[in-house]
Each structure stands twice: as structure tokens, then as C-alpha cells.
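Breakdown of the fold
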Amino acid sequence: MPSRRRFLSALAAAGAAGLAGCSGGGSGGTNFSPGRQSNTEWPLPGHGPRARSYVPDAVAPRTPPTERWRAETGRAVGRVVVADGTAFVPAEDGLHALDLRNGEERWHTPIRPYGVAVDDGVAYAASRSEPLVYAFEADTGEVRWRAETRGDFAVAPLPAPAGDAVIVGDTDGRVASLALRTGEPRWTFDSFTGVYSLAARDDRIYVGTTGGEAYELHVVEDESGDPRGVPLWRRKLPGTVRALTAARESVYAATFGGGILRLETGPAAGRTEWHASAAPTVTDAIVHAGGLIVGAGSEGVSAFGAADGAPRWRVAVDRVAPVSPAVAAGDTLYVGVGGALRAYALGGGVGVGPYRADVQRWRRDLPVRTLAVADGALVVASDDLDGSPGVVVLE
């Protein structure tokens with residue numbers, strides 16, 4: 001255990017570093033500010049197409065929260081998303097659409113979804129048990145179209161940044177761009193193994209597979225003016241690509257057992273810019289916030305410099321435990337670890353290296369399957385709300 005003098009020296013050094021540092025938006029900045037907007041949404045599993053799982057200006061609980069409402073659903077099997085005043089919960093018993101103000105069910109469909117994403121009034125859902133993608137009217141649940149694919153799914157649909165298609169990837173390895181109005185394929189691309197993660201930036205689509213491959217696809221028009229996805233590069237990584245997040249000139253890939261990598265993007269790229277081999281094995285998400293990349297695994301939470309991959313801070317848990325995907329808003333990171341919802345200072349609290357103070361802002365005994373930040377609150381899907389699975393909103 002460190003001596004008091006050593007601990008105080010670490011705190012003093014951290015304070016000096018904080019005064020000399022840059023803001024959270026810089027390449028290495030770790031100073032973050034509380035959010036100011038209380039009416040934000042979380043429409044895609046990773047919040048936006050880039051899958052950063054972070055909203056810098058969103059208000060969210062920084063102190064122990066109170067409960068707005070709770071509602072029973074089936075056990076969540078994909079990440080909760082929030083749009084147009086509605087929480088969408090992909091669960092074992094179907095897709096639930098719950099009123100964000102009071103938890104009343106607006107509609108429910110008994111499909112067996114893997115994940116859901118909402119864009120421009122349409123909820124896109126991929127099926128776990130059949131090779132189908134659905135498009136529902138987000139306010140009523142009416143089916144707009146359904147499209148058949150080759151395999152079932154292990155990743156939610158991804159509305160393209162250009163607003164002209166929804167991207168899906170199935171367990172047979174096919175990536176397809178589907179027309180928004182009809183679900184008809186606009187173009188397809190076949191990877192070698194099943195698609196596990198997706199992210200997008202502008203006209204680039206990033207694909208991670210169960211076989212540990214990462215791809216960058218460039219959406220271009222062919223000679224007849226039709227779009228197609230052209231592969232720019234493919235990289236073999238050290239494990240299943242469990243999460244991707246796209247930056248301006250890089251893509252970050254979290255692998256099963258192989259750490260997190262920053263890969264260069266663009267033609268003839270895919271080169272490793274850094275590799276944090278000791279990073280935790282994350283659950284479906286990495287957080288890209290300012291100058292940090294943060295991953296949460298069964299043994300704790302670790303933050304790395306986005307520019308160089310250097311360790312910034314780490315919080316261990318008492319034992320190996322189940323972990324939810326992590327999300328962040330303003331200056332706070334939220335994650336479920338070991339039967340508890342935990343809120344951490346995104347900048348790592350005060351300290352140097354392993355010697356940290358004030359990292360954890362609050363803790364609530366609550367098993368967490370998945371969560372999102374919206375409307376100034378946390379929308380949490382849990383396996384155990386008084387003995388039953390369901391959703392609780394904390395504010």
C-alpha cells in the first residue's frame with residue numbers, strides 16, 4: 001500500500017499536469033466538462049454512425065440518481081436506443097417501444113431482435129433467429145418493409161451517414177446496403193467470416209468480423225451511377241473484432257483477447273498506429289471521448305491516449321465479473337460491472353498512474369445488461385429488477 005507522502009506527491013503531480021494540459025477535445029486532453037443539453041437522444045447502439053458511445057454535451061447523472069420509472073420487458077439481447085421520446089428495447093420476447101416520460105408501452109412486436117437502430121422516424125431491427133431485417137415506423141410499430149438476407153445477425157443495423165441506406169452485416173459474412181424505402185440491396189460485399197461490428201464515417205464503412213478481420217469499404221458510384229462498396233484494405237487482427245469506432249483519420253478496433261488497436265484509414269492503409277495489447281476484452285463498445293479511448297472488461301475499466309495508446313488510467317474491480325457496454329456523457333463514464341452500475345470521472349479522477357482518488361462518482365447495486373444516455377437520464381436494461389428483467393430510467 002503506498003505511503004501517504006507518495007500518494008500526496010502523486011496528487012500534486014496530477015494537479016500540475018492538469019494545469020498544463022489541454023482540453024478534452026485535444027489529441028491528448030483528459031479535461032472534460034459536464035454536459036449542458038438535457039434533451040439529447042441515443043438513436044444508434046454506439047450513439048452515432050461512428051460508434052463513439054459518447055455525447056460530449058449531454059446531461060447525465062453525476063451524483064447518485066433517483067428513479068423516474070421502471071417497466072418489465074423480456075431480457076435484453078441488444079443495446080437500448082432512444083429516439084423521438086421513445087426507448088427501444090430489443091429483448092428475448094420481442095422489440096419494445098416505451099414512452100421515455102413514464103415507461104408506458106407504445107408498441108411491441110414479437111420478432112426476436114438482435115439489435116435496433118432508429119433514424120428519421122424509422123426503427124431498423126435485425127433478427128437473431130431468422131435471416132430478416134425489419135423497418136418499422138418508429139411511432140406506431142407498423143412494418144414498412146422486411147428484407148431477407150443469407151444469414152442471421154450478431155450486429156445491429158447501421159443507418160449510413162449519408163442518409164441514403166441502412167447497412168447490415170450477417171453471420172455468413174455478407175455486408176449489404178439496403179434502400180431506405182424498400183429494403184432492396186443497393187450493393188453487397190462478402191467478408192471471409194461473420195460480421196460482428198460496424199461503424200461508418202462519411203462514405204466509408206468499417207467492418208469487424210468473428211474471424212478477427214477488419215475492413216474499410218469505400219462507397220463509390222460505378223460507371224452506370226449505381227453505388228457499390230469497394231474494399232480499400234483488409235487487416236487480420238488478434239481476435240474477434242468486438243467493437244469499432246471511427247475517427248477522422250483512424251479506426252479503433254477492440255478484439256477478443258488481443259487488446260485495442262488504432263488503424264490508419266484510407267487507400268492502401270490498415271497499418272497499425274498503436275496496439276494496447278493489455279486492454280480489456282470489451283462487450284460490444286469502446287468509448288472515444290476527446291483524447292481518450294476507454295474500454296470496460298470483466299476485470300475493470302482502462303483508458304488510453306487516443307493519439308498514442310499510452311495508458312492514462314485504470315480502475316480494477318474486486319473480481320472477474322460480467323460487464324455491460326460502456327457509455328459516456330459530458331465528463332462521466334457509465335458501465336455495469338459485477339452487479340452494479342458505476343459512474344466514473346471520465347478524466348480518471350485525480351492522481352498519477354495507478355494512484356487515483358475520486359475516480360468513482362457513485363455506485364448503485366443494479367445488474368446492468370445495457371444502457372444509454374438520453375433526456376438527462378440513464379436508460380438501463382437489467383436482468384433483475386425485483387426478480388424480473390426490465391428497464392429502469394435513472395435521473
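Residues numbered from 1 in each chain as written. Predicted model: local features only at pLDDT ≥ 70, side-chain atom pairs only at ≥ 80, totals over all residues. Heavy atoms only, no water.

**Topic: the overall build of the protein**
From N to C terminus, the protein includes one helix and 35 strands. The globule rule puts the C-alpha radius of gyration for 395 residues at 21 Å, and the 20 Å found for the protein is close to it. Counting every position in the protein, which comprises 395 residues, the buried fraction comes to 57%. As displayed, the protein offers around 16,000 Å² of accessible surface, 46% of which is attributable to carbon and sulfur atoms. Mean positive and mean negative side-chain charge positions of the protein (40 and 46 charges, respectively) differ by 10 Å. (Helix = DSSP H or I, 4+ residues; strand = E, 2+ residues; numbered from the N terminus. Rg over C-alpha atoms; globule rule 2.2 N^0.38 Å. Buried < 20%, exposed > 50% of the residue type's maximum accessible area, 1.4 Å probe, protein only. Areas by Shrake-Rupley, 256 points an atom, 1.4 Å probe, with all protein chains shown as cover. Lys, Arg positive; Asp, Glu negative; His and termini not counted. Charge placed at Lys NZ, Arg CZ, Asp CG, Glu CD.)

**As for the sheet that holds strand β23 (residues 287-289)**
Spatially, the four strands line up as an open sheet ordered β23-β24-β25-β26, and their pairing is antiparallel. The sheet terminates laterally at β23 and β26 (311-316), the two strands that pair on one side only. With strand direction ignored, the average angle separating the axes of adjacent strands in the sheet is 15°. Of the pairings in the sheet, the one linking strand β24 (residues 292-297) to strand β25 (residues 300-305) comprises six bridges and is antiparallel in character. Of the residues in β25, the one forming a bridge with Leu292 is Gly305. (Pairing = 2+ DSSP bridges. Axes fitted to C-alpha atoms, helices over the stretch in contact; angles between N-to-C directions.)

**Brief notes about the sheet that holds strand β8 (residues 122-127)**
Strand order in this open sheet of four strands is β7-β8-β9-β10, and the pairing throughout is antiparallel. With partners counted over all chains shown, the strands left at the sheet margins are β7 (113-119) and β10 (143-148), one partner each. Across the sheet, the axes of successive neighbouring strands diverge by a mean angle of 15°, strand direction being ignored. Note that β7 and β8 share six bridges and pair antiparallel. Each residue of the ladder has a partner; that of Asp119, found in β8, is Val122.

**Details of the confidence of the model for the protein**
Mean pLDDT for the protein: 90, with 91% of residues reaching 70 or above. For residues 1-28, every residue scores under 50 in pLDDT, and the model assigns this stretch 37 contacts once sequence neighbours within four places are set aside. (pLDDT = per-residue confidence, 0-100. Contact = heavy atoms within 4.5 Å.)

**Overview of the pairing of strand β14 (residues 185-190)**
With five bridges connecting them, strand β13 (residues 174-179) and β14 associate as antiparallel partners. Bridge assignment links Ser177 to a residue of β14, and that residue is Trp187.

**Examining the side chain of Thr283**
Among the structural elements, Thr283 can be located in the loop between β22 (272-276) and β23. When neighbours within four sequence positions are excluded, Thr283 is seen to be in contact with Arg242, Ala296, Val323, Ser324 and Pro325.

**Looking at the pairing of strand β5 (residues 94-99)**
Most of β5 is tucked away, with six of its six residues classed as buried. The sheet contact formed by strand β4 (residues 86-91) and β5 spans six bridges and is antiparallel. Bridging from a neighbouring strand, Thr86 pairs with Asp99 of β5. Pairing of β5 with strand β6 (residues 105-109) involves four bridges; the strand directions are antiparallel. Among the inter-strand pairings, His96 is bridged to a residue of β6, identified as His108. Counted along the chain from β5 to the antiparallel partner β6, the turn is five residues long, and its residue Gly103 has a positive phi close to 85°.

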